[in-house]
Amino acid sequence: MTRNVKHFIFRKLSTTSNYGYALDINQPAEFSVGVASDQADAGTSTSALIRGNLMTVWVMNHSVNSLPIRISPTGRTVSEATAKRTRWSEVAGLSVDGVADSIPTTSNTSVWSTIAGNSVYCYEVLLNPIGPQFTRIEAESFAANSGTATETCADVGGGLNVTNIVNNNWLRFDNLIPVTDAVLRFRVARSTGAPDSRIEVRLDSVTGTVIGSIAVPETGGSQIWETIEAPLAPVSGSHSIYLKFVENGSSTGTALLNLNSFSILAATAPGSFASAPDSTTQIALSWAAVAGATSYEVSRSTAIGGPYTTIATGLTGTSYADSGLTGGTRYYYKIRAVFSGVASADSTTISTVTSNPITAANVAIGSVSSESNGGGGTDFRITMPSSGLGQFYQVLGSGDLASPIWVNESAVLMGNGGLLQFDLPIALGTARRFYKVKVWRE
C-alpha cells in the first residue's frame, strides 16, 4: 500500500510535536506566530503547538505564490542557531514523507522563512526554558560505558564525540538531579541510511526504569549535528542516568549514531558564593541567582568536613546574614537552590572568620626589643597590644626600606582581642633588616 502525504504529516504531527498543547496564534498569551503577508489574500493556515521547550509551527499555503513567514515566541527566546524544517508539496515534487533540513534562526527572538506555494511546512524551534536552565554534559565525560569509542568532533565547539554506537550500547552519568518536568536535549548526528534507533533514558541501571525515550532522526551525516529533545517522567533525588541506544527491529550491528553532548534541566547549585565578616558575631553571605529557583537553603559547620547544620531555608533573595556567632571562629558554609521542592547538590564550600573591621588601634605596634637567645644570635620581639579578634597578623621583612620586595618573616597569627607577640631570630652577622606588620581580615 502506498502512503500519501497526509499519512506522513499526521505521523510527524503526533510524534515530533510530543502531543503538545495548541497555541492561540491570533491572540497569543505566550507565543505569537506572525505571517509577514496578508493571510486573507494569501490563503494560508497556521497553527502552533508547545510541549516543554519544543515549539512546532505548521503552515499550509493554499495559494500558488511563495510567502514569507516570521515565527516569534513572545516572552521566550530561541536557544539554537538553527531550526528544523520539514516540507511537503506534491506540486514541487517533494517526497511524500517530507524533505527535512535546517535553517538559521534570525536571532534569539525570531525565525524567518519562505513558504512555497501549494505546500505544507513544519518548523521545530527549540526554546530556552523559563525556569531552571540546562546543564550541558559532554558525552565523553561518562562515568562508565559499554562498547563505544570517541573521536574528534566537527560540531560547534569541537572537542570529542562518542561514536561506534551500536544496538544496546550505553553510557552512564552519575549524580544528576532532574527537576520537575525536566527534559533532556541530545546533540546527535546520524548518517543517511543508518538503522532507525532511539535513545532510552534509564534510571540507576541499564535495565532500570525508562523515564524518557526519543527517536534519532537522520541528520545527513555522521558529523552533521542536530539537537533533539525528550521529556522525562518525574523523578526525585540524585540518580545515575543511563543513556541506552536501541536499534528498532532486529539488530544489524551497524553504527546507529554519534552523540556529542546532552543537556538536562537539573537542580543547579548556586555559583559565585561569597562570604565576609560583618563583625565578631555576624557573617554576610551572598550568591548568584539561579534561574528558576524558588528558594535557597544555607548550611553551616565549624569544620570543613562537617557535620553541617541547615541554618536557613525558604530564602528568596541572594544574601543572608548569619548572626549570633562566636568571635574569632572560622565557619564553613554550603548553599543549595530549591526548585519547587527539589533541592540541588551542595555548592562549593566557603569559609570566613568572624572579625570586626580593622581600626588604628589594631595595627599599632606597642614595643620592640631584642635580647640574646644564647645561641650566638638575637631574638627581635615585636608586640601588638590591641590585636583585633579574628584578624590576621604577619611580620614581613626586607633588607632595603625602599624595596618593593618584602618576604614573610613569621607565621600568620590570629588576633585575640589583646596582646600578640612575634619573636624573630636574627643570626650573628646578619645585615641590617627592616620589618613591618601586615594586618588583614577575611
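Before reading on, note that the structure itself is shown above.
Residues numbered from 1 in each chain as written. Predicted model: local features only at pLDDT ≥ 70, side-chain atom pairs only at ≥ 80, totals over all residues. Heavy atoms only, no water.

(A) Just the overall build of the protein chain, in detail. When its secondary structure is counted, the protein chain shows 3 helices and 35 strands. A total of 442 residues make up the protein chain; the buried ones form 45% of that total. Restricting to contacts in the protein chain with at least 6 residues of sequence separation, those with at least 24 account for 70%. As presented, the protein chain carries roughly 20700 Å² of accessible surface, and 51% of it is formed by carbon and sulfur atoms. (Helix = DSSP H or I, 4+ residues; strand = E, 2+ residues; numbered from the N terminus. Buried < 20%, exposed > 50% of the residue type's maximum accessible area, 1.4 Å probe, protein only. Contact = heavy atoms within 4.5 Å. Areas by Shrake-Rupley, 256 points an atom, 1.4 Å probe, with all protein chains shown as cover.)

(B) Looking closely at unusual backbone geometry. The omega torsion of the bond from Gly306 to Pro307 falls at 10°, within 30 degrees of zero and hence cis. With a phi close to 75°, Asn168 is a non-glycine residue in the positive phi region. Positionally, Asn168 belongs in the loop between strand E13 (160-165) and strand E14 (170-176).

(C) Fine view of the sheet that holds strand E22 (residues 283-286). The 3 strands are arranged E21-E22-E25 in an open sheet whose pairing can be described as antiparallel. Of all the strands in the sheet, just strand E21 (274-277) and strand E25 (319-322) have a single pairing partner and so form its edges. Adjacent strand axes in the sheet meet at a mean angle of 20° when their direction is disregarded. Relative to E22, E21 runs antiparallel, the two being bridged by 4 bridges. Residue pairing across strands places Pro277 opposite Ile283, the latter belonging to E22. (Pairing = 2+ DSSP bridges. Axes fitted to C-alpha atoms, helices over the stretch in contact; angles between N-to-C directions.)

(D) Focus on the packing of aromatic side chains. Evaluated as defined, the whole model comprises 9 aromatic pairs. When the ring of Tyr121 is compared with that of Tyr123, the centres are 6.1 Å apart and the planes differ by 35°; the resulting orientation is tilted. Residue class for Tyr123 comes out buried when judged on its relative accessible area of 0%. Ring centres of Trp170 and Tyr242 lie 5.4 Å apart, and the angle between their planes is 55°; this geometry places the pair in the tilted category. One end of the pair, Trp170, is in strand E14; the other, Tyr242, is in strand E19 (residues 239-247), with 72 residues separating them in the sequence. Under the relative-accessibility criterion, Tyr242 is labelled buried at 11%. Here Lys334 stacks its cationic end above the ring of Tyr308, 4.5 Å away from the centre of that ring. Against the face of Trp406 rests Lys436, its NZ or CZ located 4.4 Å from the ring centre. (Phe/Tyr/Trp six-rings, centres within 6.5 Å; stacked < 30°, edge-to-face > 60°. Lys NZ or Arg CZ within 6 Å of the ring centre and 35° of its normal.)

(E) A look at the side chain of Thr227. Along the chain, Thr227 falls in strand E18 (residues 226-231). At a separation of 2.8 Å, a polar atom in the side chain of Thr227 contacts the side chain of Arg187. Apart from the residues within four sequence positions on either side, Thr227 is in contact with Glu80, Leu126, Arg185, Phe186 and Arg187. (Polar contact = N/O pair within 3.5 Å; in protein donor to acceptor, adjacent residues only side chain to side chain.)

(F) Inspection of the nonpolar core at higher detail. Grouped together as the largest cluster of nonpolar side chains are 52 residues, with contacts concentrated most on Phe186, Ile199, Leu243, Phe245, Leu259 and Tyr333. Ranked by size, the runner-up nonpolar core spans 16 residues in total, among them Ala48, Val57, Ala83 and Ile115. (Core = buried A, V, L, I, M, F, W, Y, C linked by side-chain atoms within 4.5 Å.)

(G) Quick look at the pairing of strand E8 (residues 111-115). By the alternation rule, side chains of E8 split into Val111, Ser113 and Ile115, which are all buried, and Trp112 and Thr114, of which none is buried. Both strand E5 (residues 67-72) and E8 contribute to a ladder of 5 bridges, which runs antiparallel. Note on E8: the bridge partner recorded for Pro68 is Thr114.

(H) How the structure looks around the pattern of salt bridges. Overall, the coordinates contain 19 salt bridges when judged by the stated rule. Among the ionic pairs, Arg185 bridges to Glu80, the shortest N-O distance being 3.9 Å. Of the two residues, Arg185 is situated in strand E15 (residues 183-189) and Glu80 in the loop between E5 and strand E6 (82-88); the sequence distance between them amounts to 105 residues. Judged by its relative accessible area of 5%, Arg185 is buried. Here Arg202 makes a salt bridge to Glu200, at a shortest N to O gap of 2.9 Å. Take Glu200: its relative accessible area is 8%, and that puts it in the buried class. One continuous salt-bridge network, built from bridges that share partners, spans Glu80, Asp155, Arg185, Arg187 and Glu229. (Salt bridge = Lys/Arg side-chain N within 4 Å of Asp/Glu carboxyl O.)

(I) Local environment of the sheet that holds strand E29 (residues 367-372). Across the sheet, 3 strands lie side by side as E29-E30-E34; this open sheet has antiparallel pairing. Edge positions in the sheet fall to E29 and strand E34 (420-426), since each of these pairs with one other strand and no more. Going across the sheet, the axis of each strand differs from the next one's by a mean of 20°, ignoring polarity. In terms of strand pairing, strand E30 (residues 378-384) meets E34 through 7 bridges, oriented antiparallel. What sits directly across from Met384, in E34, is Leu420.

(J) Geometry of the environment of Thr329. Structurally, Thr329 can be placed in the loop between E25 and strand E26 (330-339). For Thr329, a relative accessible area of 22% corresponds to the partly exposed category. Taking C-alpha positions, Thr329 is 7.8 Å from Thr302, a pair spaced 27 residues apart along the chain.

(K) Looking closely at the environment of Ile69. By the element assignment, Ile69 lies in strand E5. Each C-alpha atom, one on Ile69 and one on Ile115, is 7.1 Å from the other, the two residues being 46 residues apart in sequence.

(L) The arrangement of the side chain of Thr354 in detail. Within the secondary structure layout, Thr354 lies in the loop between strand E28 (350-353) and helix H3 (360-363). Among the polar contacts listed, one links the side chain of Thr354 to the backbone nitrogen of Gly328, at a separation of 2.9 Å.

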